[in-house]
Amino acid sequence: QGNFDKALKMYENIIETYPANSHFRLMLAKIYIEKANFEQAKEQLFKAIEINPNDAEAHYYLASIFSLMGNYKQTIVECVRALEINPHLYVARLLLADAYMYEFDDVRSEVELKNLLVVTPESLSIHWRLGQLYGGLQGNLDKSIAEMEKAVGLKSDVSKLYGELGGLYLRSFNLQKAVES
């Protein structure tokens, strides 16, 4: 906590000297995020974007704040902008997939998650998210189970995965596998 306070003071002083430096504003916003001061973080991010509209990282962090606030429509807007600037910004694509899921746009969420699998086919979190997505869609229990099994296979010590997988087995009336998981 003390280091964040020191860094906060340092960046506030730097911005007084260099108010038009978007990088320093981004760094200050990150500190505000760490301290859960989202309004001040947003203010710094808006200023950073005003100075440099092509800062993909600033758009991503702004999207993250919108997501934390439950504003998924604005999360999508900022993630899309970040990805227009830097299509390889993995975290923005993952946040975009989640925002689409929260907005019940399952098709777009699936597209983004599958795009991420091309880059990281052994990602536990992506297989898990796909399993959750398919589990919420009618008629996709088999796909959901397959994705959750992949996730469990990637890291077998995650008890939450086993619980979700067991629930899927129950929904598909596979009692034997539900008991085993």
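One can find the structure itself at the top, above this paragraph.
For clarity, every value in this text was computed on a predicted model and none was experimentally measured.

Observations regarding the packing of aromatic side chains
For the structure on display, the rule yields 4 aromatic pairs. Taking the centre distance of 6.2 Å and the plane angle of 50° together, the rings of Tyr 11 and Phe 24 count as tilted. Taken together, the positions of Tyr 11 in helix α1 (residues 2-17) and Phe 24 in helix α2 (residues 22-34) put the pair 13 residues apart, joining distant regions of the chain. Among the residues examined, Tyr 11 registers a relative accessible area of 14% and is labelled buried. Seen in terms of ring centroids, Tyr 60 and Tyr 61 are 5.1 Å apart; in terms of plane orientation they differ by 65°. Their pairing is edge-to-face. Under the relative-accessibility criterion, Tyr 60 is labelled buried at 17%. Three or more aromatic residues joined by ring pairs form one cluster here, namely Tyr 11, Tyr 18 and Phe 24.

Looking at helix α9 (residues 141-154)
For α9, with 14 residues, the first-to-last C-alpha span of 20 Å sits near the 20 Å given by 1.5 Å per residue. Of all the residues in α9, the buried ones are Leu 141, Ser 144, Ile 145, Glu 147, Met 148, Ala 151 and Val 152. Projected onto a plane normal to the axis of α9, the buried residues spread over an arc of 165° and lie on a single side. In α9, the exposed positions that point more than 90 degrees away from the buried face belong to Asp 142 and Gly 153.

Observations regarding the nonpolar core
Judged by nonpolar contacts, the single largest core of 16 residues is most densely connected at Leu 28, Ala 41 and Leu 45. Of all the secondary structure elements, the ones that give two or more residues to this core are α1, α2, α3 (38-51) and α4 (56-68). Residue contributions to this core peak at 6 residues, all from α2. When neighbours within four sequence positions are excluded, Leu 28 is seen to be in contact with Leu 8, Tyr 11, Glu 12, Ile 15 and Gln 44. Of all hydrophobic cores here, the second largest spans 14 residues; its members include Ile 76, Ala 82, Leu 95 and Leu 96.

Looking at the pattern of salt bridges
Within this structure, the stated rule accounts for 12 salt bridges. Here Asp 5 and Lys 35 are joined by a salt bridge, their closest N and O atoms 2.6 Å apart. Here Asp 5 is found in helix α1, whereas its partner Lys 35 is found in the loop between α2 and α3, with 30 residues between them in sequence. The salt bridge partner of Glu 110 is Lys 114, with a shortest N-O separation of 3.2 Å. You can see Glu 110 and its partner Lys 114 sitting in helix α7 (residues 106-119), 4 residues apart, about one turn around the helix. Accessibility expressed as a relative area gives 18% for Glu 110, which makes it buried.

Definitions and limits used
- Residues numbered from 1 in each chain as written.
- Predicted model: local features only at pLDDT ≥ 70, side-chain atom pairs only at ≥ 80, totals over all residues.
- Heavy atoms only, no water.
- Phe/Tyr/Trp six-rings, centres within 6.5 Å; stacked < 30°, edge-to-face > 60°.
- Helix = DSSP H or I, 4+ residues; strand = E, 2+ residues; numbered from the N terminus.
- Buried < 20%, exposed > 50% of the residue type's maximum accessible area, 1.4 Å probe, protein only.
- Expected span 1.5 Å × (residues − 1).
- Arc of directions from axis to C-beta.
- Core = buried A, V, L, I, M, F, W, Y, C linked by side-chain atoms within 4.5 Å.
- Contact = heavy atoms within 4.5 Å.
- Salt bridge = Lys/Arg side-chain N within 4 Å of Asp/Glu carboxyl O.

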